[in-house]
Amino acid sequence: MNHKPYHRLRTVRRAQRGFTLIELLVVLAIIGLLAGLVGPQVIKHLGESKTKTAKLQIEELSSALDMYRLDVGRYPGTEEGLAALIEQPASAKYWNGPYLRKKKMPADPWNNPYHYVLPGQHGKYDIFSLGADNAEGGEGEDQDVKSWD
């Protein structure tokens, strides 16, 4: 009796079986460890990028306010707010806007409106975002982003 065909069939079946449960658990454990090490770093950089985006948007709003002042002769009042950069206020005779590329007022990276005060306590005007927590103060992603820093 020749057992070679049976032996070859058993070898083929073993090769097609795939991974064992232990092998899958080991791979999942390794992936979990890597995610635990890399995840916090990615989240940290995401928070930093939102703060940098807010700083850039505040600079863009400041430039638009300066262009508004050149045309109108003054900065928009606190009541008119930053909306004066997009829509002409009744009191702005020589308005030549919109002064922003998009005809929509940008929200800060945390989807809150920017705050605008005229006259400012730290400059001609103050523009600021209260960060992720939308409350004064804070650290990290919760820190305030201001035009005077």
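Anything mentioned here points back to the structure above.
Bear in mind the structure is a predicted one, so any value in this text is a computation, not a measurement.

With respect to the overall build of the protein chain
In terms of regular secondary structure, the protein chain is built from 2 helices and 3 strands. The helix and strand sequence of the protein chain, counted from the amino end, reads α-α-β-β-β. Here the protein chain holds 149 residues, and the buried ones make up 26% of them. Considering only intrachain contacts with a sequence separation of at least 6, the fraction spanning at least 24 residues in the protein chain is 40%. When the accessible surface of the protein chain is split by element, carbon and sulfur atoms take 58% of a total near 11000 Å².

Description of the pattern of salt bridges
Tallied over the entire structure, the rule returns 1 salt bridge. Ionic pairing is found between Arg 74 and Glu 80, a salt bridge with its closest N-O pair at 3.1 Å. Residue class for Glu 80 comes out partly exposed when judged on its relative accessible area of 23%.

Considering the sheet that holds strand S1 (residues 115–117)
In a beta sheet, neighbouring strands are held together by backbone hydrogen bonds and run either parallel or antiparallel to one another. Spatial ordering of the open sheet is given by S1-S2-S3, a layout of 3 strands whose pairing is antiparallel. One side of each edge strand has no neighbouring strand; the edge strands of this open sheet are S1 and strand S3 (145–146). In this structure, strand S2 (residues 126–129) lies alongside S3, joined through 2 bridges in antiparallel fashion. Residue pairing across strands places Phe 128 opposite Lys 146, the latter belonging to S3.

The rules behind each value
Residues numbered from 1 in each chain as written. Predicted model: local features only at pLDDT ≥ 70, side-chain atom pairs only at ≥ 80, totals over all residues. Heavy atoms only, no water. Helix = DSSP H or I, 4+ residues; strand = E, 2+ residues; numbered from the N terminus. Buried < 20%, exposed > 50% of the residue type's maximum accessible area, 1.4 Å probe, protein only. Contact = heavy atoms within 4.5 Å. Areas by Shrake-Rupley, 256 points an atom, 1.4 Å probe, with all protein chains shown as cover. Salt bridge = Lys/Arg side-chain N within 4 Å of Asp/Glu carboxyl O. Pairing = 2+ DSSP bridges.

Scope: geometric values only; no functional claims are made or implied.
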